[in-house]
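# Structural overview for review
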Amino acid sequence: MEDATDAGIYARESSYLDRYVQLGAASGRVLSVSVPDTPESNAEDDHPVLDRIFEYLDGLDPVAFDDVQVALTVPTDQRAVLEQVREIPYGDQLDVETLAQVTPTLDADEQSDHTTVRTALAENPAPILIPDHRVRDGPSALPPAVEQKLRSLEEL
C-alpha cells in the first residue's frame, strides 16, 4: 500500500454521499472512518486511503481495501467478525447467520453469537474499509442513507 504513515484527521467532501468522508490515521493504520455532515476543523484532505475511497465511490471499477491496515481496538469476538467482513468481496453479500457460521470463534446456532455479530457491525470503527454494508440483514455503522448508496454502488 502507498505510504499512509501521516498521523491526523483527513476529510474530503463526497458529492455522491452528500457528506464528507473522514478518516483518522496514525502509525500507518486507519483508526476510524466516518461520514459527518461537517468535517473536523483541523482535517486535511490529502491522504492515500481517501484517494482509494473516492476511487471506490466513483463506481467505475471494483476497489478492494484488503491491504489497508485498520487498527481494530474492539473485543476479540468482534474483531473476528470484522476480519471476516473484510473478506466479503465487492458486489457480494452475506447475512448475519452466514457471517456467524464463517467466523471461527462463533457458533451460528447461538443467539448470543448473532448478537456479537450485530454489535460488531454496529460498532464498526472503519465502515467502507470494513464493508458492513455487505451484510444484508445486519446493522451498519453508517447512516442508513449512506449504507444504501454503497449497496446501490455495488448493486446489492
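So, a few notes on the structure that sits alongside this text. Keep in mind that what you see is a predicted model, and the values were worked out from it rather than measured.

## A closer look at the pattern of salt bridges
- Within this structure, the stated rule accounts for six salt bridges.
- Note that Asp37 is salt-bridged to Arg19, the shortest N-O span being 3.5 Å. Of the two residues, Asp37 sits in the loop between β3 (29–34) and α1 (48–58) while Arg19 sits in strand β2 (residues 19–26), which places them 18 residues apart along the sequence.
- For Asp37, a relative accessible area of 55% puts it in the exposed group.
- With a closest N to O distance of 2.8 Å, Glu154 and Arg134 form a salt bridge. Taken together, the residues Glu154 in the segment after α5 (144–153) and Arg134 in the loop between α4 (111–122) and α5 connect sequence positions 20 residues apart.
- A relative accessible area of 6% places Arg134 in the buried class.

## Side note on the sheet that holds strand β1 (residues 8–14)
- As summarised here, the arrangement of the three strands in space is β1-β2-β3, forming an open sheet in which the pairing is antiparallel. In the strand order of this sheet, the two ends are held by β1 and β3, each with one partner. On average, each strand axis in the sheet is inclined to that of its neighbour by 20°, with strand direction left out of account.
- Here β2 pairs with β3 via five bridges, running antiparallel. Bridging across to β3, Ala25 finds its partner in Val30.
- α1 contacts β1, β2 and β3 of the sheet and is inclined by roughly 25° relative to β1.

## Focus on the pairing of β1
- In the sheet, β1 pairs with β2 via seven bridges, with the strands oriented antiparallel. Among the inter-strand pairings, Arg12 is bridged to a residue of β2, identified as Val21.

## Considerations on the nonpolar core
- Membership of the largest hydrophobic core comes to 41 residues, with the highest contact counts inside it found for Val21, Ile53 and Leu129.
- Only β2, β3, α1, α2 (76–85), α3 (96–102), α4 and α5 provide two or more residues apiece to this core.
- Top element by residues in this core is α1. It accounts for six residues.

## Considerations on the packing of aromatic side chains
- Summed over the entire model, instances satisfying the criterion amount to two aromatic pairs.
- Ring geometry for Tyr56 versus Phe65: centroids 5.8 Å apart, planes at 70°, classification edge-to-face. No difference in accessibility class separates Tyr56 from Phe65, as the two residues are buried.
- Ring geometry for Tyr56 and Tyr90: centres 6.0 Å apart, planes at 85°, overall edge-to-face. Separated by 34 residues along the polypeptide, Tyr56 in helix α1 and Tyr90 in the loop between α2 and α3 bring together distant segments of the chain.

## Some remarks on unusual backbone geometry
- Located in the positive-phi region is Asp18, a residue other than glycine, with phi close to 60°.
- A relative accessible area of 57% means that Asp18 is categorised as exposed.
- Of note, the phi angle at Ile128 is positive, near 80°, even though the residue is not glycine.
- For Ile128, the location among the structural elements is in the loop between α4 and α5.
- In this structure Ile128 comes out as buried when scored by relative accessible area, which is 2%.

Calculation criteria
- Residues numbered from 1 in each chain as written.
- Predicted model: local features only at pLDDT ≥ 70, side-chain atom pairs only at ≥ 80, totals over all residues.
- Heavy atoms only, no water.
- Salt bridge = Lys/Arg side-chain N within 4 Å of Asp/Glu carboxyl O.
- Helix = DSSP H or I, 4+ residues; strand = E, 2+ residues; numbered from the N terminus.
- Buried < 20%, exposed > 50% of the residue type's maximum accessible area, 1.4 Å probe, protein only.
- Pairing = 2+ DSSP bridges.
- Axes fitted to C-alpha atoms, helices over the stretch in contact; angles between N-to-C directions.
- Contact = heavy atoms within 4.5 Å.
- Core = buried A, V, L, I, M, F, W, Y, C linked by side-chain atoms within 4.5 Å.
- Phe/Tyr/Trp six-rings, centres within 6.5 Å; stacked < 30°, edge-to-face > 60°.

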